[in-house]
Structure formats: structure tokens, C-alpha cells
Amino acid sequence: MSPVEALASQLRPDRGWSEHLAGEFRQPYMQTLADFLASEERAGKVLFPPSHLCFNALNSTPLDKVSVVILGQDPYHGPGQAHGLCFSVRPDVQTPPSLVNIFKEIQEDLGIAPPDHGCLQPWADQGVLLLNSVLTVVQSQAGAHQGKGWETFTDKVIEIINREREGVVFLLWGSYAKKKGQHIDRSRHLVLDGPHPSPLSAYRGFFGCKHFSRANEWLQQKGQPPIHWALPSKAELLARYRK
């Protein structure tokens with residue numbers, strides 16, 4: 001199996017993405033990217049998330065279920081953190097600062113107390129696509145795989161959602177996410193943008209943005225179910241996903 005075939009095999013065929021993305025895996029940029037990732041692993045570099053989770057966002061949230069999109073930049077680069085969903089970490093890992101601020105805004109906006117973990121898998125399972133622009137990184141090297149081709153691939157994902165879905169809410173935090181989402185049709189979708197939740201910028205307008213209640217109001221106006229932003233406890237979460 002070639003590197004690009006191995007990469008394509010990580011995308012679940014039953015989630016509705018494959019029929020729209022199959023052509024991308026035949027593009028030269030994607031073959032180059034797959035070869036690059038394979039060479040990184042041959043060189044002994046540790047990549048995050050593990051290869052079977054690089055498409056976790058797409059595999060967790062089928063195309064026909066996407067109602068909210070949150071755009072991130074690239075995966076966490078610390079051991080055990082990244083599992084293929086932007087801003088999210090595995091439940092036994094300390095909640096990162098930006099996610100702490102996201103939980104603070106949810107508490108202020110909706111009165112929901114922060115959970116005792118930082119795993120956002122339950123959001124993904126409800127229809128929140130937690131998409132990073134770059135889907136892999138090297139351990140301890142932030143941004144190591146930027147500019148290698150992932151950005152083109154995830155631009156295609158956004159293009160597919162923009163074209164195939166109606167009434168999706170896009171949450172674009174920070175200048176990077178805003179730029180990546182600049183081609184979204186705002187006559188058909190709701191785009192809520194603002195500062196990044198990082199401790200460096202959250203006080204410039206992320207706090208008080210009320211994006212979570214505004215997203216749910218939009219979805220309900222469109223006859224769609226709201227997102228349950230409250231997360232189960234760590235113990236409940238681990239029991240749920242062990243099943």
C-alpha cells in the first residue's frame with residue numbers, strides 16, 4: 001500500500017466525506033504530503049495525533065450531521081494531548097489554557113460549569129466539526145507540518161460543507177480562522193468570528209461573545225436541535241466511550 005493509500009484508508013467510508021474527498025487523494029499535493037508524513041515516521045519522529053486519529057474530526061462527525069464548525073490551527077504537540085479534534089485533549093490530560101477560556105465563556109454565556117476534563121468528543125458526536133487546519137504535528141515542534149499540504153485539504157473540507165450543507169454555524173476565533181473561513185457563503189450560513197480564546201487575546205472580545213447561545217438560537221430558528229454544550233464528567237465520559 002502506498003503512503004497516500006494508507007493515509008486515505010484512515011478516512012471512514014460511511015461518514016459521507018469520502019465521496020467528496022476521494023479526488024483529493026489523487027492530487028499531487030496529497031501524494032507529496034503522504035510521502036512527507038511517511039518519511040517523517042521513518043526518520044523516527046513522533047507525530048501527533050497517532051495516524052489512526054488524524055481524520056478523527058471527519059470520522060466523528062458525518063457530513064450530513066454537521067451543524068457547527070469550530071476551526072483550529074494545528075494539533076497540540078505534547079505527549080498524549082492531541083486526538084484529532086481541535087481544542088480537545090484526551091480526558092486524562094490537563095485542560096489547555098485556550099480550552100479553559102472556552103469553558104469560562106460557556107459558563108458566563110449559558111451558566112454551565114466547566115467540566116473536570118478537556119475532551120470534546122461529545123460535541124463532535126452531536127454535529128460539531130472540530131477541524132484543525134493542519135492535521136498532524138511533530139512532538140514538541142509547534143506548527144512543524146504547516147505549509148505541507150494539509151491546509152489545501154482542509155480548505156476543501158470547508159468548501160464541501162459550504163456547498164453541501166445549509167444553515168451551518170461557523171465559529172472562527174482569531175485571524176487565522178477568519179482568513180480560512182473567508183469564502184463561506186454568509187447568505188446561507190451563520191459566521192460568528194472574534195478573538196482567539198488564548199490567554200493572550202481572550203480579553204479582547206472572546207469573553208462576552210456569547211457564540212454558544214447565539215449558535216443554538218440560530219440552529220433552533222432553522223428547525224435543528226441545539227448543541228448540548230455541557231459535557232459529562234470525566235468518569236461518565238470514560239464509561240460512555242468504553243462501551
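- Where an unreviewed UniProt entry is consulted, the protein chain appears under the name Uracil-DNA glycosylase, with the organism given as Marinobacter salinexigens.
- UniProt, in its Subcellular location (unreviewed entry) section for the protein chain, records the words "Cytoplasm".
- Taken verbatim from the UniProt record of the protein chain, the Function (unreviewed entry) comment is "Excises uracil residues from the DNA which can arise as a result of misincorporation of dUMP residues by DNA polymerase or due to deamination of cytosine."

### Thoughts on empty space enclosed by the protein
- Summed over the entire model, instances satisfying the criterion amount to two cavities of 30 Å³ or more.
- Approximately 40 Å³ is the volume attributed to the largest cavity.
- In terms of lining, the largest cavity is formed by Phe-103, Ile-106, Ile-112, Ala-113, Pro-114, Pro-115, Trp-229, Ala-230 and Leu-231.
- Here the lining of the largest cavity is composed, by residue class, of nine nonpolar, no polar and no charged.
- When its volume is computed, the second largest cavity comes out at roughly 30 Å³.
- Along its surface, the second largest cavity is lined by Ala-57, Pro-75, Gly-84, Leu-85, Leu-130, Leu-131, Asn-132 and Leu-135.
- Here the lining of the second largest cavity gets three residues from one element, more than from any other, and that element is strand S3 (residues 128–132).
- Considering only residue class, the lining of the second largest cavity consists of six nonpolar, two polar and no charged.

### Some details on the nonpolar core
- One finds Trp-17 and Trp-123 to be the most contacted residues of the largest nonpolar core, which totals 66 residues.
- When residues of this core are assigned to their parent elements, the largest contribution, six residues, is made by helix H7 (residues 150–164).
- Sequence-distant contacts of Trp-123, defined by excluding residues within four places in its chain, comprise Ile-70, Ile-102, Phe-103, Ile-106, Val-128, Leu-130, His-228, Trp-229 and Leu-231.

### Quick notes on the packing of helix H3 (residues 28–42) against H7
- Following both chains from N to C, one finds H3 and H7 inclined at 130°, their axes separated by 9 Å at the closest point. On the basis of the axis angle, H3 is oblique to H7. The crossing of H3 and H7 is left-handed. Residue-level inspection shows Tyr-29, Met-30, Leu-33 and Leu-37 of H3 in contact with H7, the latter providing Trp-150, Thr-152 and Phe-153.
- The class makeup of the residues in the contact of H3 with H7 is six nonpolar, one polar and no charged.

Criteria and thresholds
Residues numbered from 1 in each chain as written. Predicted model: local features only at pLDDT ≥ 70, side-chain atom pairs only at ≥ 80, totals over all residues. Heavy atoms only, no water. UniProt positions renumbered as here; feature names shortened; annotations may be inferred. 1 Å grid on protein atoms, 1.4 Å probe; cavity = no way out; pocket = protein on both sides within 12 Å on 5 of 7 lines; lining within 4 Å. Points joined across faces, edges and corners; volume = space filled by probe spheres on them. Nonpolar A, V, L, I, M, F, W, Y, C, P; charged D, E, K, R; others polar. Helix = DSSP H or I, 4+ residues; strand = E, 2+ residues; numbered from the N terminus. Core = buried A, V, L, I, M, F, W, Y, C linked by side-chain atoms within 4.5 Å. Buried < 20%, exposed > 50% of the residue type's maximum accessible area, 1.4 Å probe, protein only. Contact = heavy atoms within 4.5 Å. Axes fitted to C-alpha atoms, helices over the stretch in contact; angles between N-to-C directions. Parallel < 35°, antiparallel > 145°, perpendicular 65-115°, else oblique. Left-handed = near helix turned anticlockwise from the far one by under 90°.

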